[in-house]
Amino acid sequence: MKCGGSSYPYHVISSFGLKQMNFEPITILYGNNGSGKSTMLNLIADITKINRDSLYNTSVSYPAYVSICEADIQKRIPDKSRIITSDDVFDYMLEIRCLNEGIELKREDVCQEYLEAKYAPFQLESIADYDELKKTIKARGKTQTQFVKSELIGTVSEYSNGENAYRYFTGKIEENGLYILDEPENSLSPNRQLELKSFIENAARFFGCQFIISTHSPFLLAMERARIYDLDERPVTTKHWTELENVRIYRQFFLQNEDEFS
């Protein structure tokens, strides 16, 4: 990919001192806040015209900026490809929260339905009463908790924010797609980050997926066979994950506190 220019957003990419960026099955953009990771990811998403759920705030000159950038796309990008940002995950978790709140509001009504269906006398008088008969039979064969859960979608509210975030990624990523992930570690615990790491590695290795990821997470930076561009360097260079500043800071911190783990 090649791109040039002098003013914002042109200077963000030109400051990298990198005329060309090559992409592997897993390519990672690493850098501190303001290093240009999100700008680069959104640029790639717009050049490739892949799916986007949340809008990206751009400057007036951004469309012209995109138009002068070039990408050597050697094969057709699958329609299922998409960029997934923190806003997408946040919006999804907000939808889940609203759904759960709606479930809580309805729970009392469903409890009352259960009590009426289980203990109130019922007699089938016409075909119009058939649905009520089914509810009565269902209520009498279940505990109140089982009945309420079956009527209120079941396990939606049983997942934490981190679990829902992880399920969002695994639900959106399909075989043979290009996926651009902007700091996917947000909202994920270390354990979930390790699970996402394995999921991405397997999707790239066995299911024909390609990933372009921005991340600070040492767990995701350690993905096998990933090409990592360090955007904090000038000119930008590729590095092994153990050479990156943030990873070394983590290492130094734990070494200094090694006795605490005894």
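Everything quoted here is computed from the prediction, not taken from an experiment. (Residues numbered from 1 in each chain as written. Predicted model: local features only at pLDDT ≥ 70, side-chain atom pairs only at ≥ 80, totals over all residues. Heavy atoms only, no water.)

## Topic: the packing of aromatic side chains
No. 1: Per the stated rule, a full pass over the model turns up four aromatic pairs.
No. 2: Measuring from centroid to centroid gives 6.3 Å for Y168 and F169, while their planes differ by 80°, and the two rings are edge-to-face. Here the two residues Y168 and F169 agree in accessibility, since each one is buried.
No. 3: Among the aromatic residues, ring-to-ring pairing joins F253, F254 and F261 into one connected group. (Phe/Tyr/Trp six-rings, centres within 6.5 Å; stacked < 30°, edge-to-face > 60°. Buried < 20%, exposed > 50% of the residue type's maximum accessible area, 1.4 Å probe, protein only.)

## Topic: the sheet that holds strand β4 (residues 178-182)
No. 1: The strand order across the open sheet formed by seven strands is β2-β3-β4-β5-β1-β6-β7, and the pairing between neighbours is mixed. In the strand order of this sheet, the two ends are held by β2 (51-52) and β7 (237-239), each with one partner.
No. 2: Pairing geometry for strand β1 (residues 26-30) and strand β5 (residues 210-214), over four bridges, is parallel. Bridging from a neighbouring strand, I26 pairs with F211 of β5.
No. 3: Set on the sheet, helix α2 (residues 37-48) makes contact with β1, β2, β3 (82-84), β4 and β5; between it and β4 the angle comes to about 155°. (Pairing = 2+ DSSP bridges. Helix = DSSP H or I, 4+ residues; strand = E, 2+ residues; numbered from the N terminus. Contact = heavy atoms within 4.5 Å. Axes fitted to C-alpha atoms, helices over the stretch in contact; angles between N-to-C directions.)

## Quick word on the layout of surface pockets
No. 1: Roughly 730 Å³ of volume is contained in the largest pocket.
No. 2: Take the lining of the largest pocket: its biggest share by element is three residues, from α2.
No. 3: In terms of residue class, the lining of the largest pocket is built from 12 nonpolar, eight polar and five charged.
No. 4: There is about 390 Å³ of room inside the second largest pocket.
No. 5: S38, T39, N42, Y56 and D182 are, among the 24 residues lining the second largest pocket, the residues nearest its centre.
No. 6: Elements supplying a minimum of two residues to the lining of the second largest pocket: α1 (10-14), α2 and α4 (86-119).
No. 7: Here the lining of the second largest pocket gets four residues from one element, more than from any other, and that element is α2. (1 Å grid on protein atoms, 1.4 Å probe; cavity = no way out; pocket = protein on both sides within 12 Å on 5 of 7 lines; lining within 4 Å. Points joined across faces, edges and corners; volume = space filled by probe spheres on them. Nonpolar A, V, L, I, M, F, W, Y, C, P; charged D, E, K, R; others polar.)

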